[in-house]
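Listed below are the residues making up each chain.
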Amino acid sequence: AAGRRVGRFVCGADMKKLIPTAAAVILVFALIPHKLMAEKGMSEKERQEAMQKTMEAAQPGKEHEFLKQLEGKWKVRAKFWDKPGSEPMTTDWVSDGEMILGGRFLQMKSSLVSAEEPGEILTIFGFDRRFGKHTMVAFDTWGTYFVVSEGKYNPKTKTVTYHGEDYDPFGDFTQKWRTEMKIADRNTLHIALYFTDDVLSQGQDEFKMMEMDYERVK
């Protein structure tokens, strides 16, 4: 029946009641920064200028169009090294890229296809217009945590270089890494991961742990 609730879900006529409520919540969150700025002693003009900048920074920009190049399906050949100087292990993957949240982020889902044990990686690429930095958040099936990194784009090399770190409570050390993502063209992508902390690099300047070559599926 219309208006019947099932658990936490809302059906029928209740949805009509929910929509104005959701709009009100969004309005409240939009007004909170304005209120806080007033309490901080900013003038009305300063508050309006700050709010205008906030609204502009919330919209996708040219950097998001840059990420949009990676939408679509890819086949991937990956190499992994378990320690400096070891022989690489080669695996094959498939990846699917999709712009989400109104074109603000690129979601890249990757699945391992050449091993007995399944494996998946979920990576969210973005660009924070507030600070002018590319961002990356990564999840995988080898852990119950995520890692984050951020960086800059070099137009001469067509490469985004991300830097990140994460404390390992079991090894009692902080992993530090650099990820390089080079978009050669719309059909070719190369990603390499280097560890730069003393533990994983074993005293070397850096240790390349992974590289992945992407080729668009046409």
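Everything discussed here concerns the structure shown above.
The notes below deal with the structure included here.

Definitions and limits used
Residues numbered from 1 in each chain as written. Predicted model: local features only at pLDDT ≥ 70, side-chain atom pairs only at ≥ 80, totals over all residues. Heavy atoms only, no water. 1 Å grid on protein atoms, 1.4 Å probe; cavity = no way out; pocket = protein on both sides within 12 Å on 5 of 7 lines; lining within 4 Å. Points joined across faces, edges and corners; volume = space filled by probe spheres on them. Nonpolar A, V, L, I, M, F, W, Y, C, P; charged D, E, K, R; others polar. Helix = DSSP H or I, 4+ residues; strand = E, 2+ residues; numbered from the N terminus. Buried < 20%, exposed > 50% of the residue type's maximum accessible area, 1.4 Å probe, protein only. Salt bridge = Lys/Arg side-chain N within 4 Å of Asp/Glu carboxyl O. Contact = heavy atoms within 4.5 Å.

1. Observations concerning the layout of surface pockets
Then, number 1: The computed volume of the largest pocket comes to approximately 860 Å³.
Then, number 2: Lining the largest pocket we find 30 residues, and of these Ile-121, Asp-140, Leu-193, Met-209 and Met-210 sit closest to its centre.
Then, number 3: Per-class residue counts for the lining of the largest pocket are 22 nonpolar, 6 polar and 2 charged.

2. Structural notes on unusual backbone geometry
Then, number 1: In this structure, Lys-158 takes a positive phi of about 55° despite not being glycine.
Then, number 2: Tracing the backbone through its elements, the reader meets Lys-158 in the loop between strand 6 (146-154) and strand 7 (159-168).
Then, number 3: According to the relative accessible area criterion, Lys-158 is partly exposed, its value standing at 40%.
Then, number 4: The backbone of Gln-202 sits at a positive phi, close to 50°, despite the residue not being glycine.
Then, number 5: Along the chain, the position of Gln-202 falls in the loop between helix 4 (198-201) and strand 10 (207-216).

3. Brief notes about the pattern of salt bridges
Then, number 1: The tally for this structure, following the rule as stated, stands at 8 salt bridges.
Then, number 2: Ionic pairing is found between Arg-130 and Asp-128, a salt bridge with its closest N-O pair at 2.7 Å.
Then, number 3: Relative accessible area serves as the criterion here: at 60%, Arg-130 is assigned to the exposed category.
Then, number 4: By relative accessible area, which is 19% here, Asp-128 ends up buried.
Then, number 5: Here Glu-150 ties to Lys-133 by a salt bridge, and the two come within 3.0 Å at their closest N and O atoms. Residue Glu-150 is located in strand 6, and its partner Lys-133 is located in strand 5 (residues 133-140); the two are separated by 17 residues in the primary sequence.

4. Observations regarding the side chain of His-134
Then, number 1: Within the fold, His-134 resides in strand 5.
Then, number 2: Excluding residues within four positions of it along the chain, His-134 makes contact with Glu-63, Phe-66, Gly-126, Phe-127, Ser-149, Glu-150, Gly-151, Lys-152, Tyr-153, Val-160 and Tyr-162.

5. Looking at the side chain of Gln-107
Then, number 1: Relative to the helices and strands, Gln-107 is located in strand 3 (residues 105-112).
Then, number 2: A relative accessible area of 17% places Gln-107 in the buried class.
Then, number 3: Dropping the residues within four chain positions of it, Gln-107 is found in contact with Asp-96, Gly-97, Glu-98, Ile-100, Leu-122, Thr-123 and Ile-124.

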